[in-house]
Amino acid sequence: MIYLINQTTFQQYEDITVNIKPERLKVFIKKAQELDLKPFLGHALYYDFLSHFNEDGTLQNDAPQPYKDLLNGSEYLDDYGHIVLYEGLAPTMVYFTFARFIENDAVHYTATGPVIKRHENGDALTSPEVVKLVQQQRSIANAYANDIEKFLWDNKADFPLWRYNAKNKSSRQAGPRIRGVDKTDFNYPGSYNNYNLTITEFLN
């Protein structure tokens with residue numbers, strides 16, 4: 001598994017305790033890459049991008065320059081002649097990872113089921129407070145993701161594998177999103193003619 005960021009990268013943006021084991025953080029980095037970044041970039045671009053990395057997570061020396069700019073950031077002129085300072089993938093990945101870490105770290109799984117964690121040096125956050133904090137981190141991640149999107153649009157000739165998908169943009173927003181409606185027989189038993197019935201007639 002190739003990880004695009006590590007604990008050192010993380011600490012450039014958020015003040016996290018050094019007691020968090022790198023292996024534990026990698027669990028959430030992987031989820032952020034697979035569940036947040038991959039749908040955003042699209043599978044074709046994502047996997048081609050990763051194919052230019054070494055096993056230690058560093059970009060290969062002969063990787064295409066556009067991929068180096070995508071990862072590390074760059075300064076360029078947009079179509080209007082304005083200077084754009086693009087920071088790269090790191091901040092987006094950090095805050096998507098941080099959101100997933102906070103969400104998971106609030107719960108401890110025991111033999112009898114999940115429980116809210118208790119801490120000796122402070123009170124655990126309530127569920128609404130955790131949700132709010134997670135949404136805040138995802139909002140920051142989304143703001144940086146918008147910069148990635150602009151970078152890809154402004155340099156679209158260098159990224160022929162990228163395909164913009166509005167559904168992926170809406171799905172990465174904080175909070176639940178409906179991606180589609182299941183109209184199979186499981187939810188709508190019978191034929192399509194039943195769809196026009198009133199609820200009482202449908203249940204009968």
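Numbers given for residues are sequential positions, taken from 1 along each chain in its written order. Where totals are concerned, whole chains, interfaces and linings use all residues; where local detail is concerned, this predicted model gives features only for residues with pLDDT of at least 70, and gives and counts side-chain atom pairs only at 80 or more. Computation of side-chain values covers all heavy atoms of the structure but excludes hydrogens and water.

Caption draft 1: Structural detail: the packing of helix α5 (residues 90–105) against helix α6 (residues 127–154). Simply put, an axis is a line fit to the C-alpha atoms, just over the touching stretch for a helix, and the angle between two N-to-C directions goes from 0 to 180 degrees. By definition, any uninterrupted DSSP run of H or I lasting at least four residues is a helix, any uninterrupted run of E lasting at least two residues is a strand, and each is numbered from the N terminus. Where α5 meets α6, the closest approach of the two axes is 8 Å, and the angle between their N-to-C directions is 165°. With respect to their mutual orientation, α5 and α6 come out roughly antiparallel. Viewed along their axes, α5 and α6 form a crossing whose handedness is left-handed. Every residue of α6 that contacts α5 at P91, T92, Y95, F96, F98, A99, R100, I102 and E103 is listed here: V130, L133, V134, Q137, R138, I140, A141, N142, Y144, A145 and I148. Among the residues forming the contact of α5 with α6, the class breakdown is 14 nonpolar, three polar and three charged. To sort the angles, those under 35 degrees are grouped as roughly parallel, those over 145 as roughly antiparallel, those from 65 to 115 as roughly perpendicular, and the leftovers as oblique. We call a crossing left-handed when the near helix sits turned anticlockwise from the far one by less than a right angle, and right-handed when that turn is clockwise. Here a residue-residue contact requires only that any non-hydrogen atoms of the pair lie within 4.5 Å. Under the scheme applied, nonpolar residues are Ala, Val, Leu, Ile, Met, Phe, Trp, Tyr, Cys and Pro; charged residues are Asp, Glu, Lys and Arg; polar residues are all the others, including Gly.

Caption draft 2: The arrangement of the pairing of strand β2 (residues 83–86) in detail. The buried label goes to any residue with under 20% of its type's maximum accessible area, the exposed label to any with over 50%, and the partly exposed label to all in between, with areas taken from a 1.4 Å probe on protein chains only. What you see with β2 is a clean split: V84 and Y86 sit on the buried side and I83 and L85 on the side with no burial. In short, DSSP must find at least two bridges between two strands for them to pair. When strand β1 (residues 74–77) meets β2, the two strands line up antiparallel, connected through four bridges. Counted as the bridge partner of S74 is Y86 from β2. Counting the residues in the hairpin turn of β1 and β2 gives five residues, including G81, whose phi is positive at 80°.

Caption draft 3: Examining the nonpolar core more closely. Here the nonpolar core consists of buried residues drawn from Ala, Val, Leu, Ile, Met, Phe, Trp, Tyr and Cys, with membership extended through side-chain atoms lying within 4.5 Å. Judged by nonpolar contacts, the single largest core of 45 residues is most densely connected at L70, L89 and L152. Sorting the residues of this core by element identifies α2 (22–41), α3 (43–50), α4 (65–72), β2, α5 and α6 as the ones contributing at least two each. At nine residues, the largest contribution of residues to this core is made by α5. Among all residues touching L89, those that are not within four sequence positions of it are L4, L37, F49, L70, L71 and I148.

Caption draft 4: Just the pattern of salt bridges, in detail. Every case where a carboxyl oxygen of Asp or Glu lies within 4 Å of a side-chain nitrogen of Lys or Arg is listed as a salt bridge. Following the criterion strictly, the structure yields five salt bridges and no others. Between D78 and K150 there is a salt bridge; the shortest N-O distance is 3.8 Å. With D78 in the loop between β1 and β2 and K150 in helix α6, the pair connects residues that are 72 residues apart, well separated along the chain. Note that D154 is salt-bridged to K150, the shortest N-O span being 3.0 Å. Taken as a pair, D154 and K150 lie in helix α6 at a separation of four residues, close to a single helical turn. Overall, K150 belongs to the partly exposed group, its relative accessible area being 35%. Through salt bridges that share partners, D36, R100 and R138 make up one connected network.

Caption draft 5: Region of interest: α4. If you check which residues of α4 are buried, you get Y67, L70 and L71. One side of α4 carries all its buried residues, which in axial view fall inside an arc of 95°. On its buried face, α4 is in contact with α3, β2, α5 and α6. Among the residues trailing α4, G73 stands out with phi positive, at a value near 95°. Directions from the helix axis toward the C-beta atoms define the arc.

Caption draft 6: Here's a closer look at a nonpolar patch on the surface. Together, L77, I83 and L85 make up a nonpolar patch on the protein surface, roughly 360 Å² of accessible area in all. With respect to the helices and strands, the residue I83 is situated in strand β2. Accessibility expressed as a relative area gives 58% for I83, which makes it exposed. A patch is a set of surface residues, each over 30% in relative accessible area and not in a salt bridge, joined within 9 Å for like charges and within 5 Å for the nonpolar side chains Val, Leu, Ile, Met, Phe, Trp and Tyr. Residue-level accessible areas treat just the shown protein chains as cover; the underlying method is Shrake-Rupley with a 1.4 Å probe.

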